[in-house]
Amino acid sequence: MVGVAVYVLVDVVLQFLPPHYSVVSDAESNLAVGPFGWIMNLNFLGRAVTTMCAIAAMNRVGRVSRLRRTGTLFLGIGGLCSAVLAFFPTDVGLGSGLGAATVAGTVHLYVAGGGFLAALAGILVLTSWMRSVPELAKAYLAAFVLAAITAVGLASLGLTAAIEPGLLGLAERVCLAGVLGWVLVVCNAIRRLSRRSGPILPAGTAISEQAPPSAGTAVQGRQRNVGS
């Protein structure tokens, strides 16, 4: 949750630093090109770490299932793609922002696109998984809405690149808002769960390992010994 807040804060601060890229028309990756670009590259790495922390939290809620494994796998791929972006700067000033003139720019373009698609797939699968987890039932509606926002943002990203390149940056940020908002909502639900019930034990932990025998059990044991 702290990682999400830091990521957004850094994005906002960089918008006010030269060379003053537009929030509406310029892709977020442009912030990583310029005198303060190294800060955005660190932010890309931070987003990867945040994603892995979210996956670790979700893996401690509910039982192991195919949906959770699949969803966290896709979400993890999205996080790793974010880390890769830090080492391959985008090409700035190519019209729609989805073109590439260098090898690094080409790698950045394909990795960014693949990362968004993987993150969306992971969020959709994990939102479906949440329906079967009673502990996360209260967060399901918000997660569903944010998953829909992510899907709309990603679809808009493709449409703006083809129809209205001047809105590319806005569409990308809508998609990012959906992804980061989803992570924030789900992790907050897990945090509240751990506060109510204490430390979350790994799924499948035996009851005998969680609590000592009750007083009544001990008394019954002594009675049996006396009787024998």
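Our structure's up above, just so we're on the same page.
This is a predicted model, so every value here is computed, not measured.

### Considering the state of the cysteines
Here's step 1: A full pass over the atoms with the stated rule returns zero disulfides.
Here's step 2: For Cys 53, which is in no disulfide, the shortest distance to another cysteine sulfur is to Cys 187 and amounts to 8.4 Å.

### Quick word on the pattern of salt bridges
Here's step 1: Summed over all chains, the structure comprises one salt bridge.
Here's step 2: Two residues, Glu 28 and Arg 47, come together in a salt bridge whose shortest N-O distance is 3.8 Å. Here the residue Glu 28 occupies a position in the loop between α1 (2-15) and α2 (37-58), and Arg 47 occupies one in helix α2, the gap between them amounting to 19 residues. Across the pair, exposure class does not vary: Glu 28 and Arg 47 are buried alike.

### Things to note about α2
An α-helical turn contains 3.6 residues, so a residue and the one three or four places further along point in the same direction.
Here's step 1: Here α2 is 22 residues long and its end C-alpha atoms lie 32 Å apart, about the 32 Å a rise of 1.5 Å per residue gives.
Here's step 2: Within the span of α2, buried status applies to Gly 37, Met 40, Asn 41, Asn 43, Phe 44, Arg 47, Ala 48, Thr 50, Thr 51, Ala 54, Ile 55 and Met 58.

### Focus: α1
Here's step 1: Here α1 spans 20 Å end to end across 14 residues, near enough to the 20 Å set by a 1.5 Å rise per residue.
Here's step 2: Of the residues making up α1, those classed as buried are Val 4, Tyr 7, Val 10, Asp 11, Leu 14 and Gln 15. Axial view of α1: buried residues confined to an arc of 140 degrees, hence all on one face. Across from the buried face of α1, at angles greater than 90 degrees, the exposed residues are Val 2 and Leu 9.

Cut-off values and rules
- Residues numbered from 1 in each chain as written.
- Predicted model: local features only at pLDDT ≥ 70, side-chain atom pairs only at ≥ 80, totals over all residues.
- Heavy atoms only, no water.
- Disulfide = S-S within 2.5 Å.
- Salt bridge = Lys/Arg side-chain N within 4 Å of Asp/Glu carboxyl O.
- Helix = DSSP H or I, 4+ residues; strand = E, 2+ residues; numbered from the N terminus.
- Buried < 20%, exposed > 50% of the residue type's maximum accessible area, 1.4 Å probe, protein only.
- Expected span 1.5 Å × (residues − 1).
- Arc of directions from axis to C-beta.

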